[in-house]
Protein chains: 2
Amino acid sequence: MKVIVDAFGGDNAPLEIIRGAAQAAREYGYEILLAGREREIRETAEKNGVSLENIAVADAPGVITMEDGPKSILKEHKDCSMAEGLRRLAAGEGDAFVSAGNTGALIMGATFIVKRIRGVSRAALAPLMPTNAGVPFMLIDAGANVDCRPEMLLQFAHMGSLYMTKVLGGGRTAQVGLLNVGTEEGKGGDLQHDAYHLIRESGLRFVGNVEARDLPFHIADVIVADGFSGNVALKMMEGTADVLMGFIREIFTAGWASKLAYLLVKPGLRALKRKMDTSEYGGAPLLGVARPVIKAHGNSGAAAIKNAVRVAAEFSRAGVIEDIAAAVRSAGPETAVGE
Amino acid sequence: MKVIVDAFGGDNAPLEIIRGAAQAAREYGYEILLAGREREIRETAEKNGVSLENIAVADAPGVITMEDGPKSILKEHKDCSMAEGLRRLAAGEGDAFVSAGNTGALIMGATFIVKRIRGVSRAALAPLMPTNAGVPFMLIDAGANVDCRPEMLLQFAHMGSLYMTKVLGGGRTAQVGLLNVGTEEGKGGDLQHDAYHLIRESGLRFVGNVEARDLPFHIADVIVADGFSGNVALKMMEGTADVLMGFIREIFTAGWASKLAYLLVKPGLRALKRKMDTSEYGGAPLLGVARPVIKAHGNSGAAAIKNAVRVAAEFSRAGVIEDIAAAVRSAGPETAVGE
């Protein structure tokens with residue numbers, strides 16, 4: 001297993017990325033190919049005592065920042081670490097790719113450098129999100145496509161179902177829900193009405209419309225949404241959890257009694273933090289692309305990168321991309337959405 | 001001040017509604033007009049020792065449930081308590097109306113029985129939502145209109161700004177943000193692009209695009225959204241907060257040490273629950289309707305109803321509806337959106 005990692009993507013690049021990649025190499029025994037400025041990578045590793053055993057470097061002089069436009073990865077920033085990593089992935093020099101960098105650029109680069117699976121109309125960002133049940137759900141699309149047509153949502157449903165059925169294992173087929181403003185049939189706008197009927201007739205295990213309120217209670221394994229409202233759902237969950245965790249921190253630092261209380265419930269609070277921490281699930285697969293690409297959170301530290309590398313390897317091993325390609329081939333015109 | 005209350009709307013009707021109305025009558029000295037089956041109201045009050053002092057009853061035989069379609073309030077359920085309350089409001093028999101019942105029916109009934117403010121194209125559901133700053137923000141629209149045009153978002157911005165500027169007081173003008181998938185200009189789809197430019201040119205205090213993640217950190221006083229993504233944001237916040245509060249309950253009931261810890265931080269935890277409890281803000285104004293209508297949460301208990309009655313009275317007193325009417329009159333064609 002060889003995972004390519006963008007060493008210059010994300011808020012904590014390159015040090016935390018290098019650290020996370022090194023941890024993955026050591027713990028899982030994977031080969032790693034780090035994309036980015038070779039000299040800086042080697043100097044950073046040496047200065048911080050990070051071993052580069054089992055780690056090769058694909059030199060790339062440029063860096064794409066969070067402020068750069070998505071298309072710049074194909075033009076003025078085509079020499080960046082992210083583009084180099086994607087080219088190596090497309091050339092078969094690695095089994096999967098991980099980046100914590102600019103999401104729009106990653107979607108653009110994956111779509112045009114690695115290419116989509118034949119017959120897939122749009123790549124979708126599909127993070128795994130925490131629930132109270134201890135098992136995550138997949139939200140697809142969480143922001144790659146702000147404007148969607150019903151046929152795109154049907155394809156997201158197929159791709160998400162194939163991925164989560166593999167994740168669940170044990171012969172259980174993933175349940176699919178459609179994000180909507182109410183649970184009754186007929187809720188939502190034209191997009192939801194049409195997508196509802198397409199998914200219902202698709203042969204997937206469809207549970208119907210679901211409300212955002214029920215998502216963190218694990219109402220289904222796959223939640224299908226257009227990229228705009230999916231992105232709102234993802235970020236609202238993150239923001240609300242952040243605010244609440246902040247309030248809880250305050251409660252436990254208010255005085256000696258609360259500090260004592262903290263000691264008494266410390267393990268529980270740590271477990272809570274872990275439960276609500278999306279980085280535990282190792283970043284979001286970019287489904288629909290012809291090779292495994294994982295978007296790690298922009299603020300990923302070493303542990304999150306290590307998890308993302310593990311998820312990327314599992315993504316490659318599971319054969320989901322082959323499944324999607326086969327499903328699109330056999331599904332006929334209703335899932336083969338044109339440009 | 002006379003507030004009309006739908007005695008048969010919501011999960012806890014009629015007892016909790018009657019209790020909340022009675023508390024409001026006693027604490028604030030308002031007159032209350034309860035709409036609903038008179039005999040059942042009087043029997044329920046007597047059996048539970050609730051005084052109906054300062055409370056009149058507008059008899060209505062029917063009840064509209066959460067499962068009934070919105071339009072049924074104008075047809076087969078036009079004899080329901082909600083419709084009767086709205087008719088009394090339209091006839092000037094009260095200053096404001098509160099219902100915890102079927103949201104779709106309330107929007108439909110308010111629009112066609114009470115009517116919209118002249119020149120307002122759509123009524124919008126505009127809840128106040130909690131933040132870490134201790135002051136709420138208004139989310140408009142949170143679900144009344146799943147399909148929106150840019151001009152509608154501009155009107156929501158105007159109405160929300162007028163309301164929140166009154167709430168803030170002290171001569172501070174409310175800040176308005178546009179819910180989007182990123183903060184940069186040009187993010188989102190056509191709806192967001194066009195709304196961005198309309199709001200920027202509107203003379204409102206516009207802070208630009210805002211991401212859902214930043215909403216609970218009070219990034220602006222008014223957040224403008226189409227009703228679909230606004231509804232997703234509202235419910236995702238509720239669901240995430242519910243899951244987290246559930247986890248916290250578990251932590252504090254895990255054993256004797258955690259129960260001791262609970263005693264030590266009890267006031268802080270109670271304050272946290274209050275901070276994240278949307279019912280503290282007393283339900284959502286339905287902005288754009290010609291008279292004050294407040295939608296209380298479906299699961300409202302007596303305290304939430306009491307708060308909703310207070311907010312309804314403040315809504316009436318503040319003169320926001322007169323302000324909106326004047327703004328629409330003077331704003332010219334760009335805010336006067338046709339059907």
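In case you missed it, the structure is sitting above this.
Predicted model, so just to flag it, every value in this text is computed and none were measured.

1. Re the overall build of chain A
Of the regular secondary structure elements, chain A holds 10 helices and 12 strands. Taken over C-alpha atoms, the radius of gyration comes to 20 Å for chain A, in line with the 20 Å a tight globule of 339 residues would show. Scored against the burial criterion, the 339 residues of chain A give a buried share of 57%. Summarising the internal contacts of chain A: among those between residues at least 6 apart in sequence, 71% fall at separations of at least 24. Summing over all exposed atoms, chain A offers an accessible surface of approximately 13,200 Å²; the carbon and sulfur share of this is 49%. Looking at charge distribution, chain A has the averaged site of its 37 positive side-chain charges lying 4 Å from that of its 40 negative ones.

2. What to know about the pairing of strand β4 (residues 96-99) of chain B
For a regular strand, side chains alternate in direction, first toward one face of the sheet and then toward the other. Residues and elements named next belong to chain B. Neither face of β4 is left uncovered, since the one carrying A96 and V98 and the one carrying F97 and S99 both have all their residues buried. Here strand β1 (residues 2-6) pairs with β4 via 3 bridges, running parallel. Directly across from V3, in β4, lies its bridge partner A96.

3. Examining the interface of chain B and chain A
Taken residue by residue, the interface counts 55 residues in chain B and 55 residues in chain A. Per-residue buried area on chain B facing chain A is highest for R213, F228 and M236 of chain B; these three make up 16% of the total on that side. For E211 of chain A, the salt bridge identified is with K235 of chain B, shortest N-O distance 2.2 Å. For the pair chain B and chain A, the interface holds 8 residue pairs in polar contact (both at pLDDT 80 or more). Listed by contribution, the elements that provide at least two residues to the side of chain B that touches chain A are β8 (175-180), α6 (190-200), α7 (227-251) and α8 (256-275) of chain B. With 21 residues, α7 of chain B is the largest single contributor of residues to the side of chain B that touches chain A. Here the side of chain B that touches chain A is composed, by residue class, of 30 nonpolar, 14 polar and 11 charged.

4. Side note on unusual backbone geometry
With an omega of -5°, the peptide bond between A13 of chain A and P14 of chain A qualifies as cis. Looking at the secondary structure, you find P14 of chain A in the loop between β1 (2-6) and α1 (15-28). Following I140 of chain B, the chain continues into D141 of chain B via a peptide bond in cis, with omega recorded as 15°. Position of D141 of chain B relative to the elements: it lies in the loop between β7 (137-140) and α5 (150-168). Phi is positive for K115 of chain A, close to 75°, though the residue is something other than glycine. Looking at the element boundaries, K115 of chain A is found in the loop between α4 (103-114) and β5 (124-125). Its identity is not glycine, yet H218 of chain A carries a phi of approximately 55°, on the positive side. Residue placement: H218 of chain A occurs in the loop between β9 (205-211) and β10 (222-224). With relative accessibility at 18%, the residue H218 of chain A sits in the buried group.

5. Side note on helix α5 (residues 150-168) of chain A
Note: α-helices contain 3.6 residues per turn, so residues at a spacing of three or four share the same orientation. The first and last C-alpha atoms of α5 of chain A sit 26 Å apart over 19 residues, in line with the 27 Å expected at 1.5 Å per residue. G169 of chain A sits one or two residues past α5 of chain A and shows a positive phi near 65°.

6. Observations concerning the sheet that holds strand β12 (residues 293-295) of chain A
All names here are of chain A. Pairing is mixed in the open sheet, where 7 strands are placed in the order β3-β2-β1-β4-β12-β11-β5. Every other strand in the sheet has two partners, leaving β3 (55-59) and β5 as the edge strands with one partner each. Sheet topology note: the β1/strand β2 (residues 31-36) ladder contains 5 bridges and is parallel. Each bridged residue has a counterpart across the sheet, and for D6 the counterpart in β2 is A35. Strand contacts of helix α3 (residues 81-90): β1, β2, β3, β4 (96-99) and β12, with the helix running at about 170° to β4, the strand carrying the most contacts.

7. Section: the relation of the copies chain B and chain A
Rotating chain B by 180° and translating it 0.0 Å along the rotation axis places it on chain A, where the RMSD comes to 0.0 Å. Taken together, the rotation and translation relating the two chain copies correspond to the operation of a two-fold axis. No C-alpha of chain B lies nearer the rotation axis than that of A261 of chain B, which sits 2.1 Å from it. When the interface residues of chain B are mapped onto chain A, 100% of them again fall at the interface, so both copies present the same face.

8. Things to note about the pairing of β4 of chain A
Here β4 of chain A runs beside β12 of chain A; their pairing, made up of 3 bridges, is parallel. Bridge pairing links V98 of chain A to I294 of chain A in β12 of chain A.

9. Here's the deal with the packing of aromatic side chains
Taken as a whole and judged by the stated rule, the model has 9 aromatic pairs over all chains. Aromatic side chains Y163 of chain B and F315 of chain B sit 5.3 Å apart centroid to centroid with 75° between the ring planes, which places their arrangement in the edge-to-face category. One end of the pair, Y163 of chain B, is in helix α5; the other, F315 of chain B, is in helix α9 (residues 302-318), with 152 residues separating them in the sequence. Across this residue pair, the class does not change: Y163 of chain B and F315 of chain B are buried. Between the aromatic rings of Y196 of chain B and F206 of chain B, the centroid separation amounts to 5.3 Å while the plane-to-plane angle is 70°, which identifies the pairing as edge-to-face. Here F206 of chain B lies in strand β9 (residues 205-211) and Y196 of chain B lies in helix α6, a separation of 10 residues in the sequence. The same class applies to Y196 of chain B as to F206 of chain B, namely buried. Directly above the ring of F8 of chain A sits R37 of chain A, whose terminal nitrogen or CZ lies 5.4 Å from the centroid.

10. With respect to the sheet that holds strand β6 (residues 128-129) of chain A
Residues and elements named next belong to chain A. With mixed pairing, the 5 strands of this open sheet are ordered in space as β6-β7-β10-β8-β9. Either end of the sheet is taken by a strand with one partner, and the two such strands are β6 and β9. Across 2 bridges, the pairing between β6 and strand β7 (residues 137-140) is antiparallel. Paired with L128 across the two strands is M138, which belongs to β7.

11. Description of the packing of helix α8 (residues 256-275) of chain A against α7 of chain B
The interhelical angle for the contact between α8 of chain A and α7 of chain B, taken along N-to-C directions, is 155°, at an axis separation of 10 Å. Compared by their axis directions, α8 of chain A and α7 of chain B come out roughly antiparallel. Pair α8 of chain A / α7 of chain B crosses with right-handed handedness. Touching V265, G268, L269, L272 and K275 of chain A of α8 of chain A are L244, F247, I248, E250 and I251 of chain B, all from α7 of chain B. Residue composition of the contact of α8 of chain A with α7 of chain B, grouped by class: 7 nonpolar, 1 polar and 2 charged.

12. A word on the side chain of S72 of chain A
Residue and element names in this part refer to chain A. If you trace the backbone, S72 turns up in the loop between β3 and α3. A distance of 2.7 Å separates the side chain of S72 from the backbone oxygen of G69, its partner in a polar contact. The residues contacting S72, other than those within four sequence positions of it, are I64, H77 and K78.

13. Looking at the pattern of salt bridges
The final tally for this structure, using the stated rule, is 30 salt bridges over all chains. The shortest N-O distance in the salt bridge between R213 of chain A and E238 of chain B comes to 2.6 Å. Of this pair, R213 of chain A sits in the loop between β9 and β10 while E238 of chain B sits in helix α7, each in a different chain. The partly exposed category is assigned to R213 of chain A, whose relative accessible area is 25%. Judged by relative accessible area, which is 12%, E238 of chain B ranks as buried. Across the pair E314 of chain A and R310 of chain A runs a salt bridge, and its minimum N-O distance is 3.5 Å. Of this pair, E314 of chain A and R310 of chain A both sit in helix α9 (residues 302-318), 4 residues apart, roughly one helical turn. We classify E314 of chain A as partly exposed; its relative accessible area is 39%.

Calculation criteria
Residues numbered from 1 in each chain as written. Chains lettered and ligands numbered in written order. Predicted model: local features only at pLDDT ≥ 70, side-chain atom pairs only at ≥ 80, totals over all residues. Heavy atoms only, no water. Helix = DSSP H or I, 4+ residues; strand = E, 2+ residues; numbered from the N terminus. Rg over C-alpha atoms; globule rule 2.2 N^0.38 Å. Buried < 20%, exposed > 50% of the residue type's maximum accessible area, 1.4 Å probe, protein only. Contact = heavy atoms within 4.5 Å. Areas by Shrake-Rupley, 256 points an atom, 1.4 Å probe, with all protein chains shown as cover. Lys, Arg positive; Asp, Glu negative; His and termini not counted. Charge placed at Lys NZ, Arg CZ, Asp CG, Glu CD. Pairing = 2+ DSSP bridges. Buried area = accessible area lost by both parts, 1.4 Å probe. Salt bridge = Lys/Arg side-chain N within 4 Å of Asp/Glu carboxyl O. Polar contact = N/O pair within 3.5 Å; in protein donor to acceptor, adjacent residues only side chain to side chain. Nonpolar A, V, L, I, M, F, W, Y, C, P; charged D, E, K, R; others polar. Expected span 1.5 Å × (residues − 1). Axes fitted to C-alpha atoms, helices over the stretch in contact; angles between N-to-C directions. Least-squares fit on C-alpha atoms with pLDDT ≥ 70 in both. Phe/Tyr/Trp six-rings, centres within 6.5 Å; stacked < 30°, edge-to-face > 60°. Lys NZ or Arg CZ within 6 Å of the ring centre and 35° of its normal. Parallel < 35°, antiparallel > 145°, perpendicular 65-115°, else oblique. Left-handed = near helix turned anticlockwise from the far one by under 90°.

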